[in-house]
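Residue-level listing of the chains:
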There are 2 protein chains.
Amino acid sequence: MDVTDAARSAAPPSAEDALTTLAHLLREDMDETNRVIVARMDSPVALIPRLASHLVAAGGKRLRPLLTLAAARLCGHAGRRHIGLAACVEFIHTATLLHDDVVDESELRRGQASANALFGNKASVLVGDFLFARAFSLMVEDGSLDVLRILSDASATISEGEVLQLTIQNDLSADEATYLQVIEGKTAALFAAAAEVGAVVAGRGAAEQAALRAYGHNLGVAFQLVDDALDYAADQAALGKTVGDDFREGKITLPVLLAHAAGDEAERAFWHRTIEAREQRDGDLDHAIALLARHGAIAGTIARAREYASRALDGLAPFPDGPIRRALADVVEFCVSRAR
Amino acid sequence: MDVTDAARSAAPPSAEDALTTLAHLLREDMDETNRVIVARMDSPVALIPRLASHLVAAGGKRLRPLLTLAAARLCGHAGRRHIGLAACVEFIHTATLLHDDVVDESELRRGQASANALFGNKASVLVGDFLFARAFSLMVEDGSLDVLRILSDASATISEGEVLQLTIQNDLSADEATYLQVIEGKTAALFAAAAEVGAVVAGRGAAEQAALRAYGHNLGVAFQLVDDALDYAADQAALGKTVGDDFREGKITLPVLLAHAAGDEAERAFWHRTIEAREQRDGDLDHAIALLARHGAIAGTIARAREYASRALDGLAPFPDGPIRRALADVVEFCVSRAR
């Protein structure tokens, strides 16, 4: 039985279990990564560590640095270089979160007041820039041009995805391919790079590197599809962010595209008013959720996520069975099972 | 007669002359750099080149990439690597401008509507991120870890300077040392790195590298001191930005610190109301300018700039006389003579 079958036939792990198992397997590496993160976000300018540690202390899943650590270990890496690179990945992620929250005008992040709500947009933009620059300084200390190439290219792709998302905001004529291009950029690019970098530090060949990149990429797409479904479905406490944010911003996500495409004239008028014209009234979010249910738009989005999850599992095929490979397979399941 | 004496005894060049001479000497290099800039700011996401080219097409002095090109040629570099690195320097500068204008809520940049005023804050933040990431991709293509270290460290220092500036905004208790730390970060760090990188690509030793770094650093401090003086003194058309911006934002700059320190009780009350409490009325800017004149605060700021200009010229001492060294000396004079 290959890893794909094993993962599919196993009882789906609870959301907590899958990430907890991975974090447990990599506990020492992750503890060390956290120490590097805290040490290297420091600055004589006190506001920088204060703002950055607000976000870092709020927790978060540390999913992306865990991917780097796990990929390196899966490839048999026995050194310490993956620690610093996992910290780089988390810095890049934190920088994008800070800028995203400014762009989205979010008030909640990880269940707490967002940094921009607490410290202002200006500080969030500039501390994001600092963390991004510091990530590159850390990579230079590591000294691998391959790693620098992978993570600088990923950073440019992330921005392209974010700008494209801004371009199609409130535009229901956007198609599914464009939406996929957005989430491949804003989310999957860093998942892919985080996993690939693990193979690079381990000195593995192009095949393993490409396989782990594919694992990360497809996991990232699945993760974002589920995130976009949860924005219309989850309860606020579990999600750690405000439900309906995407709706209020008129963000174009797959659930809305599917419901809009399947809707009758009155429904399309509703979507045009709320998403394109952004004229929203009390009860509109509930009505939107009802329309998504009527057309199976949440289920359709999750089904799409499952396709990507399956491809992510294929990326693990070249690697021998073992606790890390099993945990990485479970993480895929975790990402889609969050939606239940 | 050494270069310092030569530069000091020469008739001060007009502002245009100094930069025009340098740009003329390096015309082919700069043309090629501009082609790299245009080619590498491209993206399938159309808003990115549209927004970026708005800023790039608006001109600007291209002072920072010229420093890289000039430093490389001064060191006898005969290859082409300095072209791509000059483009990196301009990308980093453009990224910081885009983010600065968001942070400062500026409406004018280089005499035109700023990108954030035209395209919105969100697009400016994200396109800034793209250009920053693209700069690092370009550096990776160049392949020098020294260059990557110098420019990633400079980028972190720029952000630290900007955050520190935000921290002391509206705070008249800030001292001159803190103000200097701000401008050393937000301006001088990139001038220093731009010049140093030129020595690195030329393969010159640590002494020349340090000398050009000192040249850039001190030029940058002088440049920013004069910029801060001009914000209270220049006419709007020549400056290409709104006069009094710093005053309206309550920005702590040396002219204000000097006038506040020398002021009587009534004057200090004026500065506290306008800068700390930001209660500003019609006529306040004119009154502020009158107070600066009364205490010689503009002249004092320019005198400080001249000290740094002199140190910048010292950085050229290790290099043999020639047209590029003379042009670099004239650029120093240009930077301080703008204030007249």
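Given the structure is predicted, the values throughout are model-derived calculations rather than measurements.

**Q** Describe in detail the overall build of chain A, supporting the description with residues and values.
**A** Scanning chain A from terminus to terminus reveals 18 helices and two strands. Relative to its 340 residues, chain A shows a buried fraction of 60%. By sequence separation, contacts in chain A at least 24 residues apart represent 75% of the contacts at least 6 residues apart. As displayed, chain A offers around 12500 Å² of accessible surface, 50% of which is attributable to carbon and sulfur atoms.

**Q** Before we move on, can you summarise the interface of chain B and chain A with the specific residues and values?
**A** Taken together, the contact between chain B and chain A spans 36 residues of the former and 37 residues of the latter. On the chain B side of the interface with chain A, the three residues burying the most area are Lys 122, Leu 126 and Glu 160 of chain B, jointly 18% of the side's total. Taken together, the connections running from chain B to chain A amount to zero salt bridges. If you look at where chain B meets chain A, you find 10 residue pairs in polar contact (both at pLDDT 80 or more). At the level of secondary structure, the elements contributing two or more residues to the side of chain B that touches chain A comprise helix H4 (47–57), helix H6 (81–104), helix H8 (121–142) and helix H9 (145–167) of chain B. Per-element tally for the side of chain B that touches chain A: the top contributor is H9 of chain B, with 14 residues. Split into classes, the residues belonging to the side of chain B that touches chain A amount to 20 nonpolar, nine polar and seven charged.

**Q** I'd like to hear about the pattern of salt bridges, residue by residue, with values.
**A** On inspection of all chains with the given rule, the structure shows 36 salt bridges over all chains. One salt bridge connects Asp 245 of chain A with Arg 248 of chain A, and the closest N-O pair in it is separated by 3.6 Å. Of this pair, Asp 245 of chain A and Arg 248 of chain A both sit in helix H13 (residues 245–249), three residues apart, which is roughly one turn of that helix. On the basis of relative accessible area, Arg 248 of chain A is assigned to the partly exposed category, the value being 36%. Asp 321 of chain B is the partner of Arg 326 of chain B in a salt bridge, and the nearest nitrogen-oxygen pair spans 3.0 Å. A residue is classified by how much of its surface remains accessible, and Arg 326 of chain B, at 43% relative accessible area, is partly exposed.

**Q** Could you give me a rundown of the relation of the copies chain B and chain A, with the residues and numbers involved?
**A** Two copies of the chain are present, and they differ by a rotation about an axis and a shift along that axis. Rotating chain B by 180 degrees and moving it 0.0 Å along the rotation axis overlays it on chain A with an RMSD of 0.0 Å. Classification of the inter-copy transformation places it as that of a two-fold axis. Both copies present the same face, since 100% of the interface residues in chain B are matched by interface residues at the equivalent positions in chain A.

**Q** Just give me the short version of the packing of helix H8 (residues 121–142) of chain A against H9 of chain B, but keep the residues and values in it.
**A** Between H8 of chain A and H9 of chain B, the least distance of the axes is 8 Å, while the angle of their chain directions is 160 degrees. As the angle between them shows, H8 of chain A and H9 of chain B are arranged roughly antiparallel. In this structure, the crossing between H8 of chain A and H9 of chain B has a hand that is left-handed. Contacts from Lys 122, Ala 123, Leu 126, Val 127, Asp 129, Phe 130, Ala 133, Arg 134, Phe 136, Ser 137 and Val 140 of chain A in H8 of chain A reach Leu 145, Leu 148, Arg 149, Ser 152, Asp 153, Ser 155, Ala 156, Ser 159, Glu 160, Glu 162, Val 163 and Leu 166 of chain B in H9 of chain B. Among the residues forming the contact of H8 of chain A with H9 of chain B, the class breakdown is 12 nonpolar, four polar and seven charged.

**Q** Now, about helix H14 (residues 254–262) of chain A: what can you tell me, with residues and values included?
**A** Within H14 of chain A, burial applies to Leu 254, Pro 255, Val 256, Leu 257, Ala 259 and His 260 of chain A. As for H14 of chain A, its buried residues are in contact with helix H10 (176–201), helix H11 (206–230), helix H15 (265–276), helix H16 (284–294) and helix H17 (297–314) of chain A.

**Q** Outline the packing of H4 of chain B against H8 of chain B, supporting the account with residue identities and numerical values.
**A** Residues and elements named next belong to chain B. Following both chains from N to C, one finds H4 and H8 inclined at 90 degrees, their axes separated by 10 Å at the closest point. Looking at the two axes, H4 sits roughly perpendicular to H8. In contact with Leu 47, Ile 48, Leu 51 and Ala 52 of H4, H8 contributes Ala 123, Ser 124, Val 127, Phe 130 and Leu 131. Split by residue class, the contact of H4 with H8 holds eight nonpolar, one polar and no charged.

**Q** Please provide a residue-by-residue account of the packing of aromatic side chains, values included.
**A** All names here are of chain A. Across all of its chains, the model carries 14 aromatic pairs over all chains by this definition. Seen in terms of ring centroids, Phe 270 and Trp 271 are 5.3 Å apart; in terms of plane orientation they differ by 70 degrees. Their pairing is edge-to-face. On the basis of relative accessible area, Phe 270 is assigned to the buried category, the value being 7%. The ring of Tyr 308 has Arg 311 lying over it, and the distance from NZ or CZ to the ring centre is 4.5 Å.

**Q** Break down helix H16 (residues 284–294) of chain B for me, with residues and values.
**A** All names here are of chain B. Asp 284, Leu 285, Ala 288, Leu 291 and Leu 292 are the residues of H16 that are buried. Buried residues of H16, viewed axially, fall in a sector of 120 degrees; they line one side. The exposed set on the far side of H16, more than 90 degrees from its buried face, consists of Asp 286, Ala 293 and Arg 294. Packed against the buried residues of H16 are helix H13 (245–249), helix H14 (254–262), helix H15 (265–276) and helix H17 (297–314).

**Q** Would you mind going over the environment of Ala 188 of chain B in detail, with residue names and values included?
**A** Structurally, Ala 188 of chain B can be placed in helix H10 (residues 176–201). Excluding anything up to four places from it in sequence, Ala 188 of chain B contacts Ile 183, Gly 216, His 217, Gly 220 and Val 221 of chain B.

**Q** Lay out the environment of Val 163 of chain B with the relevant residues and their values.
**A** As for its placement among the helices and strands, Val 163 of chain B is situated in helix H9. It is 15 Å that separates the C-alpha atoms of Val 163 of chain B and Gly 250 of chain B, two residues lying 87 residues apart in sequence. Look past the residues within four positions of Val 163 of chain B in its chain and what remains in contact with it is Val 45, Leu 47, Ile 48, Leu 126 and Val 127 of chain A.

**Q** Outline empty space enclosed by the protein, listing residues and values.
**A** The method is simple in principle: a probe with the dimensions of a water molecule rolls over the atoms, and the space it marks as empty is what remains. Counted according to the given criterion, the structure contains four cavities of 30 Å³ or more. The volume enclosed by the largest cavity comes to roughly 290 Å³. In terms of lining, the largest cavity is formed by 26 residues, of which the most central are His 99, Asp 129 and Phe 132 of chain A together with His 99 and Asp 129 of chain B. Of all elements in the fold, only helix H6 (81–104), H8 and helix H9 (145–168) of chain A together with H6, H8 and H9 of chain B reach the threshold of two or more residues within the lining of the largest cavity.

**Q** Lay out unusual backbone geometry with the relevant residues and their values.
**A** Unlike most non-glycine residues, Arg 62 of chain A shows phi in positive territory, near 55 degrees. Structurally, Arg 62 of chain A is set in the loop between helix H4 (47–57) and helix H5 (63–74).

**Q** So what about the confidence of the model for chain A? Which residues, and what values?
**A** Residues and elements named next belong to chain A. Taken residue by residue, chain A gives an average pLDDT of 90. The fraction at 70 or more is 90%. pLDDT under 50 marks residues 1–13. Its contacts with residues more than four places away, or in other chains, come to 19 contacts. The ipTM value of the predicted complex is 0.91, and its pTM value is 0.91.

**Q** Describe the side chain of His 82 of chain A, and please don't skip the residues or the numbers.
**A** All names here are of chain A. Counting through the fold element by element, His 82 comes out in helix H6. In terms of polar contacts, His 82 uses its side chain to reach the side chain of Asp 29, at 2.9 Å. Every residue in contact with His 82, bar those within four places of it in the chain, is listed here: Asp 29, Thr 68, Leu 69, Ala 72, Arg 73, His 77 and Val 201.

**Q** A description of the environment of Val 243 of chain A should follow, citing residues and the corresponding values.
**A** All names here are of chain A. Mapped onto the fold, Val 243 is located in the loop between helix H12 (236–239) and H13. Classification of Val 243 by relative accessible area gives buried; the value is 15%. In sequence terms Val 243 and Leu 22 are 221 residues apart; their C-alpha atoms lie 28 Å from each other.

What counts, and at which threshold
- Counting restarts for each chain, with residues numbered from 1 along the sequence as it is written.
- The lettering of chains begins at A and the numbering of ligands begins at 1, in the order of writing.
- The predicted nature of this model means local features are confined to residues of pLDDT at least 70 and side-chain atom pairs, given and counted, to a pLDDT of 80 or more, with totals for whole chains, interfaces and linings taken over all residues.
- Each side-chain value is worked out from all heavy atoms of the structure, with water and hydrogens disregarded.
- Helix and strand definitions follow DSSP, with helices as H or I runs of at least four residues and strands as E runs of at least two, each counted in order from the N terminus.
- Here the term buried applies to any residue with accessible area under 20% of the maximum for its type, exposed to any over 50%, and partly exposed to those in between, with areas from a 1.4 Å probe on protein chains only.
- The criterion used for residue contact is that any of the two residues' heavy atoms lie within 4.5 Å.
- Areas reported here follow the Shrake-Rupley algorithm with a probe of radius 1.4 Å; residue values treat only the protein chains shown as occluding.
- Here the quantity called buried area is the accessible surface, traced with a 1.4 Å probe, that two parts lose on coming together, added over both.
- By convention in these notes, a salt bridge is any Lys or Arg side-chain nitrogen within 4 Å of a carboxyl oxygen on Asp or Glu.
- In the analysis that follows, any N or O atom pair within 3.5 Å is treated as a polar contact, provided that within protein one partner can donate a hydrogen and the other can accept it, and provided that, for residues neighboring in sequence, both atoms belong to side chains.
- By the convention adopted, Pro, Cys, Tyr, Trp, Phe, Met, Ile, Leu, Val and Ala count as nonpolar, Lys, Arg, Asp and Glu as charged, and the other residues, Gly among them, as polar.
- For the least-squares superposition of copies, only C-alpha atoms count, and only for residues with pLDDT at least 70 in both.
- Lines fitted to C-alpha atoms define the axes here, with helix axes fitted over just the stretch in contact, and angles between the N-to-C directions of these axes take values from 0 to 180 degrees.
- Orientation labels follow simple angle bins: below 35 degrees gives roughly parallel, above 145 gives roughly antiparallel, 65 to 115 gives roughly perpendicular, and whatever is left gives oblique.
- Take the far helix as the reference: if the near one is turned anticlockwise from it by less than a right angle, the crossing is left-handed, and if turned clockwise, right-handed.
- Here a pair means two rings of Phe, Tyr or Trp (six-membered ring of Trp) with centres within 6.5 Å. Their orientation is stacked below 30 degrees between planes, edge-to-face above 60, and tilted elsewhere.
- The criterion for a charge sitting over a ring is simple: Lys NZ or Arg CZ within 6 Å of the ring centre, and within 35 degrees of the ring normal.
- To be clear, the arc concerns the directions from the helix axis to the C-beta atoms.
- Here the term cavity refers to a set of points on a 1 Å grid, laid over the protein atoms alone, in which a 1.4 Å probe fits but cannot get out; the term pocket refers to an open set having protein on both sides within 12 Å along at least five of seven lines, with lining residues being those that place an atom within 4 Å of a point.
- Grid points are joined across faces, edges and corners, and a volume is the space filled by probe spheres set on the points.
- pLDDT gives the predictor's per-residue confidence on a scale running from 0 to 100.

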